Amino acid sequence: EIMIFGCTPPEDWESAVTQKIQLTIASFEEIEQLEKMKIRPEVHIAVDTGMGRIGFEIDEAVEAINYLREKKLAEIVGIYTHLSSADLDFEDEYTKEQLSKFSIFEKMDIKYRHILNSAGTLNYNDNTSSNVVRGGIILYGILPCDGNYEEFRPVMKVKSKVLFMKKIKEPKFI
């Protein structure tokens, strides 16, 4: 399964659906746009629990889910939010507040619930019923927080060769 993690211009939705790519729905404006189209995409609902980026507020997300289901505008396969401070020890209470806000969706019949980013996966995986993790920076072998995580290694590295060098004269300015 492929999901677009973020907003996609409506003019690209039909192509995404044709290619079986799951879309993010993050606003009522996007739902209004979806009503005008003759497609029924698989979607993930974005919820803003405190990051301040894209997504519905909690009560709006519940309303959006109910509306999309009632009108059969999309198949809701996922719901997500992003932990804004899971990598900061001093923000532990704030992160736990985000986890608590998102817990309302645990009881809903939604296949994928994802809230855990790299730091969240390391620090809060026992505090949520999230069933998908989104490894980000950790895939590059960069630890997002302090700790002894020797088992993590980069999944890739970038190598290059210098193919051309040229000596140039210092330019003369008038």
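Residues numbered from 1 in each chain as written. Predicted model: local features only at pLDDT ≥ 70, side-chain atom pairs only at ≥ 80, totals over all residues. Heavy atoms only, no water.

(A) Representation of the nonpolar core in the model. Counting 34 residues, the largest nonpolar core has Ile45, Leu68, Ile79 and Phe105 as the members making the most contacts within it. Sort the elements by how many residues they give to this core and helix α3 (residues 58–70) lands first, with 5 residues. Beyond its immediate chain neighbours, meaning those up to four positions away, Phe105 contacts Val47, Ile58, Ala61, Val62, Ile65, Ile79 and Arg113. (Core = buried A, V, L, I, M, F, W, Y, C linked by side-chain atoms within 4.5 Å. Buried < 20%, exposed > 50% of the residue type's maximum accessible area, 1.4 Å probe, protein only. Helix = DSSP H or I, 4+ residues; strand = E, 2+ residues; numbered from the N terminus. Contact = heavy atoms within 4.5 Å.)

(B) A look at the side chain of Arg134. Within the secondary structure, Arg134 is located in the segment after β6 (132–133). Of the side chains with opposite charge, Asp48 lies nearest to the buried Arg134, which makes no salt bridge, at 11 Å. Sequence-distant contacts of Arg134, that is, excluding residues within four places in its chain, are made with Phe5, Tyr80, Thr81, His82, His114, Ile115, Leu116, Asn117 and Ser118. (Lys, Arg positive; Asp, Glu negative; His and termini not counted. Salt bridge = Lys/Arg side-chain N within 4 Å of Asp/Glu carboxyl O.)

(C) View of the sheet that holds strand β1 (residues 2–3). Spatially, the 6 strands line up as an open sheet ordered β1-β2-β3-β4-β5-β6, and their pairing is parallel. The outermost strands of the open sheet, each flanked by one partner alone, are β1 and β6. Where β1 meets strand β2 (residues 21–25), 2 bridges bridge the pair, whose relative direction is parallel. In the sheet register, Met3 faces β2, and the bridge partner there is Gln22. Against the sheet, α3 makes contact with β3 (42–46) and β4 (75–80), and its axis sits at roughly 165° relative to β4, the strand it touches most. (Pairing = 2+ DSSP bridges. Axes fitted to C-alpha atoms, helices over the stretch in contact; angles between N-to-C directions.)

(D) Local environment of helix α2 (residues 28–35). Three or more residues of α2 are buried, namely Glu30, Ile31 and Leu34. Down the axis of α2, the buried set is contained in an arc of 100°. They therefore lie on one face. Structurally, α2 contributes buried residues whose contacts are with α1 (13–18), β2 and α3. (Arc of directions from axis to C-beta.)

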